[in-house]
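Architecture at a glance
So the chains spell out like this:
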Amino acid sequence: ELDNVAGTNVQAELYIGFRHLLDRVVRRLLAHPAPGSLAELIAHYRRTIDELGDHLMDYLAPGRRATAEQRMRHLVEQGVPEETARHAALLRASYALLEAADLAAELGVEAHGAARVWFELHDRLGLDDLLATISELEHDDRWDAMARTSARLDGYHVLGRLSADVLASDTDVETWLARHEHLLDGVQRTVRDVVGRPEPSLAGVSVALRSLRSLLG
């Protein structure tokens, strides 16, 4: 309860952030329905979130961690309780815990290791900037909105498959990237070019995602 604690604008900002996360989670679950009951699904993800939630800040690359910490301090200064401010500052990153849970279950590995690989690839391959570019795509009508959602889900799916490839190879991200050195420069250049365009386009995003898939062989 933040009434009489934080300003109305801050509360609205927090509400929108949590709503966006909920929207993305629901769309993800609808796109990739899991077997079992809703209670079983919640239990599956809750275990990983409980296990990794306190370490989420540690998984972030230095630049993203500094941004999250700054965001957290700003919210605390606006009267938001520290725990709530921390959750709000890590909303976008927390989505990855669902990915870590699924990777751990699929491959029989520890969720902690899966999360570290996911976040490291996310940083090294420029996925954060690419996903931000996807969020900037036009969504004036239903079809634009559906295309943007599909592109975002595709981005997360590609990163998940790349993470699974690293985990299955029983090596670290650095070694895995070195094995793909002949493709890596081109992939990173393509992603940078797409992200750096003045006007984001679905065509550019599609090319970047296809380039990332090339790392899967």
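As the structure is a computational prediction, the values presented were derived from the model and not from experiment.

Time to look at the overall build of the protein. Of regular secondary structure, the protein possesses 13 helices and zero strands. The linear arrangement of helices and strands in the protein, starting from the amino end, is α-α-α-α-α-α-α-α-α-α-α-α-α. Scaling as 2.2 N^0.38, a compact globule of 217 residues should have a C-alpha radius of gyration of about 17 Å, and the protein matches this with 18 Å. Here the C-alpha coordinates of the protein stretch approximately 55 × 40 × 35 Å along the principal axes. Sequence separation of at least 24 residues holds for 71% of the intrachain contacts in the protein that already meet a minimum separation of 6. Of the accessible surface of the protein, which amounts to about 12400 Å², a share of 51% is contributed by carbon and sulfur atoms. Counting 24 positive and 35 negative side-chain charges, the protein places the centres of these two groups 3 Å from one another.

So, on to the pattern of salt bridges. Throughout the structure, instances matching the rule amount to nine salt bridges. Between R64 and D128 there is a salt bridge, with the nearest N and O atoms lying 3.7 Å from each other. One end of the pair, R64, is in helix α4 (residues 62-77); the other, D128, is in helix α9 (residues 127-135), with 64 residues separating them in the sequence. Classification of R64 as partly exposed rests on a relative accessible area of 21%. Of the residues examined, D128 reaches a relative accessible area of 18% and is grouped as buried. Among the ionic contacts, a cluster of salt bridges with common partners joins R28, E99 and D102.

All right, on to the environment of S135 then. With respect to the helices and strands, S135 occurs in helix α9. Residue classification places S135 among the partly exposed residues on the basis of a relative accessible area of 25%. Distance in space between the C-alpha atoms of S135 and R71 is 20 Å, their sequence separation being 64 residues. Once residues lying within four places of it in the same chain are set aside, the contact partners of S135 are R24, R148 and R152. Only 3.3 Å separates the side chain of S135 from the side chain of R24, close enough to count as a polar contact.

The subject of this paragraph is the packing of aromatic side chains. Tallied over the entire structure, the rule returns four aromatic pairs. When the ring of W118 is compared with that of F119, the centres are 5.1 Å apart and the planes differ by 75°; the resulting orientation is edge-to-face. For the pair shown, W118 and F119 are each scored as buried. Three or more aromatic residues joined by ring pairs make a cluster, and in this case those are Y59, Y95, W118, F119 and Y156. For R142, the ring lying beneath its charged end belongs to W143, and the centroid distance is 4.6 Å.

A separate point is the side chain of R148. Turning to its location among the elements, R148 is positioned in helix α10 (residues 142-168). Among buried charged residues, R148 stands out as having no salt bridge; its nearest opposite-charge side chain is D23, 6.8 Å away. What R148 contacts, discounting residues up to four positions off in sequence, is I134, S135, L137 and H139.

What counts, and at which threshold
- Residues numbered from 1 in each chain as written.
- Predicted model: local features only at pLDDT ≥ 70, side-chain atom pairs only at ≥ 80, totals over all residues.
- Heavy atoms only, no water.
- Helix = DSSP H or I, 4+ residues; strand = E, 2+ residues; numbered from the N terminus.
- Rg over C-alpha atoms; globule rule 2.2 N^0.38 Å.
- Contact = heavy atoms within 4.5 Å.
- Areas by Shrake-Rupley, 256 points an atom, 1.4 Å probe, with all protein chains shown as cover.
- Lys, Arg positive; Asp, Glu negative; His and termini not counted.
- Charge placed at Lys NZ, Arg CZ, Asp CG, Glu CD.
- Salt bridge = Lys/Arg side-chain N within 4 Å of Asp/Glu carboxyl O.
- Buried < 20%, exposed > 50% of the residue type's maximum accessible area, 1.4 Å probe, protein only.
- Polar contact = N/O pair within 3.5 Å; in protein donor to acceptor, adjacent residues only side chain to side chain.
- Phe/Tyr/Trp six-rings, centres within 6.5 Å; stacked < 30°, edge-to-face > 60°.
- Lys NZ or Arg CZ within 6 Å of the ring centre and 35° of its normal.

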